[in-house]
Amino acid sequence: MTDPSAPIALTAHLALVSSISFGGFPTVLPDVRNFVVVTHGWMTNQEFANIFAMAQSIPGPNMILMMGLLGWKVWGFPGAVASAFATFGPPCTMYFTAYRLWDRFRDAPWQRIVRLGLVPVIMGLVIASGTVMARAADTSWRAIAVTIGAAAITLATRLSPMWMLLVGGALGGLGLL
Amino acid sequence: MTEVAQHQEMARTVPLSALFTAFLAVSLFGVGGGGGIVWARRIAVETRGWISDREFADIVSLCQFMPGPNIVGIAVCVGAKMRGTIGTMAALAGFLVIPWSLGLALGLLCLEYAHLPVLRNILGGIAATAAGLLLATGVRLLLPHRRRPAALVFAALSFGLIAFGGLPLLVVLFGLVPLR
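The shown structure was predicted, so the numbers you read here are calculated from the model rather than taken from an experiment.

Participant: Explanation requested: the overall build of chain B in the structure shown.
Facilitator: The secondary structure content of chain B amounts to eight helices and zero strands. When each of the 180 residues of chain B is scored for burial, the buried share is 53%. Taking as baseline every contact in chain B between residues at least 6 positions apart, the subset at least 24 positions apart corresponds to 53%.

Here it is in structure tokens:
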């Protein structure tokens, strides 16, 4: 494999970028690719792309899984575990601290102002990411119909999303989309 | 205040194992980007009734505003709300340990072999459905604000700037929020 300092360099870099990955981990992916492919040459561009596609299609914590797979490439199982911790450790500490503060001041007037302003903006972003995903996934009018159908059923009923995902997967598997 | 009292009452009674299994389910069911929000809301708000839609929207917004893989933040915050530090540990362990280990094994296995076309088709169908689920969850969480025109204008602005303007998320976040 690579020299012994490689896993330390990767772990330290991931801990750094996870601490500044505002807007979610995908925002720093270009930087991570640059680090592992260009700067250190631990893997090819193609290998990096394959790992990304794989992590996206496996259920579970995608980005933490993706960094684990990168870590595995560099230093086997210990590298995978170290990379995963570097990815979720620093942000989780921040989430916990921030939530504690938020909860402590739950009746403060500024919180009402933040809520009224922040929540609609963030929900606009959530709907926007749904749209961006739909544009990537919906390659035919049938796929568009599936997206609209799933959204309508979710809004109108309390049907478990699992049924909709199963039907969507089955339609795709049968070559109908 | 009664709502707060109710939740405090419940906070004493939620077992750590329930937090573990709830976020294990959120993690395993959430396929692709954004799926975690769909399932976290389904389980924490609808199925278990641990928190209200308003609190859930607060938590999602808080986490979006900070760095890192945001869905993990939902586990951290709901765990902290229900049982404090130990609750966070339980929710986080449920969210990460089993799904990550399975995913790593599966990922390493799959990377050895080429993708089958039928597998790609199935994933395509799931992706189309998942996009619809995410759209609906965003709309649902926006519903409590539907009577305030300003809120809807800002939601529309942030939606439009990201979905069609292609602006970086940071610019939109820090540009829009202070305007309120």
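So much for the structure itself; the text now carries on.
Participant: Please explain the overall build of chain A as it appears in this structure.
Facilitator: Helix and strand counts for chain A stand at seven helices and zero strands. Walking chain A from its N terminus toward its C terminus, one meets helices and strands in the order α-α-α-α-α-α-α. The C-alpha radius of gyration computed for chain A amounts to 20 Å, which surpasses the reference 16 Å derived for 177 residues by more than 25%, pointing to a less compact arrangement than a globule. For the C-alpha atoms alone, the extent of chain A along its principal axes is close to 55 × 55 × 25 Å. Taking contacts inside chain A between residues at least 6 apart in sequence as the whole, the part at least 24 apart equals 46%.

Participant: Help me understand helix 7 (residues 149-163) of chain B, please; the structure alone is not making it clear to me.
Facilitator: The α-helix winds at 3.6 residues per turn, so residues separated by three or four positions along the chain end up facing the same way. Compared with an ideal rise of 1.5 Å per residue, which puts 15 residues at 21 Å, helix 7 of chain B spans 21 Å between its outermost C-alpha atoms and is within 8% of the ideal. Among the residues of helix 7 of chain B, B:Ala151, B:Phe154, B:Ala155, B:Ser158, B:Phe159, B:Leu161 and B:Ile162 are the ones counted as buried.

Participant: Is there a simple way to explain the interface of chain A and chain B in this structure?
Facilitator: Accessible area lost upon the coming together of the parts is a frequently used measure of interface size. Contact with chain A, which involves 82 residues of that partner, is made by 84 residues of chain B. Going through the elements one at a time, helix 1 (5-19), helix 3 (45-57), helix 4 (62-104), helix 5 (109-137), helix 6 (141-156) and helix 7 (161-173) of chain A are the ones with two or more residues in the side of chain A that touches chain B. In terms of residue count, helix 5 of chain A provides more of the side of chain A that touches chain B than any other element does, 21 residues in total. Each residue belonging to the side of chain A that touches chain B can be placed in one class, and the counts come to 52 nonpolar, 25 polar and five charged.

Participant: Looking at this structure, how should I read the packing of helix 4 (residues 53-64) of chain B against helix 5 (residues 70-112) of chain B?
Facilitator: When two helices pack together, their arrangement is given by the angle between their axes and by how far apart the axes lie. Residue and element names in this part refer to chain B. One can describe the packing of helix 4 onto helix 5 by two numbers: an axis separation of 9 Å at closest approach and a directional angle of 130 degrees. With respect to helix 5, the element helix 4 is oriented oblique. Helix-helix and strand crossings are classified by hand; for helix 4 and helix 5 the assignment is right-handed. From helix 4, Ile59, Val60, Leu62, Cys63 and Gln64 reach across to helix 5, where they touch Asn70, Gly73, Ile74, Cys77 and Val78. Its residues assigned to classes, the contact of helix 4 with helix 5 comprises seven nonpolar, three polar and no charged.

Participant: When you look at the nonpolar core in this model, what are you seeing that I'm missing?
Facilitator: Across soluble globular proteins, nonpolar side chains have a tendency to be buried as a group. Residues B:Val76, B:Cys77 and B:Val78 are the most contacted members of the largest nonpolar core, which totals 110 residues. Considering every element that reaches this core, the biggest residue donor is helix 4 of chain A, with 20 residues. Apart from the residues within four sequence positions on either side, B:Val76 is in contact with A:Cys92, A:Tyr95, A:Phe96, A:Tyr99, B:Thr88, B:Ala91 and B:Leu92.

Participant: Got a minute to help me understand helix 3 (residues 35-47) of chain B in this structure?
Facilitator: All names here are of chain B. The first and last C-alpha atoms of helix 3 sit 17 Å apart over 13 residues, in line with the 18 Å expected at 1.5 Å per residue. Within helix 3, ten of the 13 residues are buried, leaving the element largely enclosed by the surrounding structure. Immediately downstream of helix 3, the backbone of Gly49 shows phi near 65 degrees, a positive value.

Participant: Got a minute to help me understand the confidence of the model for chain B in this structure?
Facilitator: Any segment with low pLDDT has predicted coordinates that should not be analysed in fine detail. All names here are of chain B. Per-chain confidence: chain B averages 81 in pLDDT, with 82% of residues scoring 70 or above. For chain B, the element scoring lowest by mean pLDDT is helix 1 (residues 2-13), at 57; helix 2 (residues 16-29) scores highest, at 93. Overall fold confidence for the complex sits at a pTM of 0.77, while the interface term, ipTM, reaches 0.78.

Participant: What's the story with the environment of B:Ala127 in this structure? I'm lost.
Facilitator: Residue position: B:Ala127 is located in helix 6 (residues 117-142). A residue is classified by how many C-beta atoms lie within 10 Å of it, and B:Ala127, with 29 of them, is buried.

Participant: What should I look at first to understand the packing of helix 3 of chain B against helix 5 of chain B in this one?
Facilitator: All names here are of chain B. Across the interface, helix 3 lies against helix 5 with an axial gap of 9 Å and an inter-helix angle of 20 degrees. By the angle class used here, helix 3 and helix 5 are roughly parallel. Crossing angle aside, the handedness with which helix 3 passes helix 5 is right-handed. Two secondary-structure elements touch here, helix 3 through Gly36, Ile37, Ala40 and Ala44 and helix 5 through Ile71, Ile74 and Val78. Of the residues assigned to the contact of helix 3 with helix 5, the class counts are six nonpolar, one polar and no charged.

Calculation rules
Residues numbered from 1 in each chain as written. Chains lettered and ligands numbered in written order. Predicted model: local features only at pLDDT ≥ 70, side-chain atom pairs only at ≥ 80, totals over all residues. Helix = DSSP H or I, 4+ residues; strand = E, 2+ residues; numbered from the N terminus. Buried ≥ 20, exposed ≤ 12 C-beta atoms within 10 Å, placed from the backbone. Contact = placed C-beta atoms within 7 Å. Rg over C-alpha atoms; globule rule 2.2 N^0.38 Å. Expected span 1.5 Å × (residues − 1). Nonpolar A, V, L, I, M, F, W, Y, C, P; charged D, E, K, R; others polar. Axes fitted to C-alpha atoms, helices over the stretch in contact; angles between N-to-C directions. Parallel < 35°, antiparallel > 145°, perpendicular 65-115°, else oblique. Left-handed = near helix turned anticlockwise from the far one by under 90°. Core = buried A, V, L, I, M, F, W, Y, C linked by C-beta atoms within 7 Å. pLDDT = per-residue confidence, 0-100.

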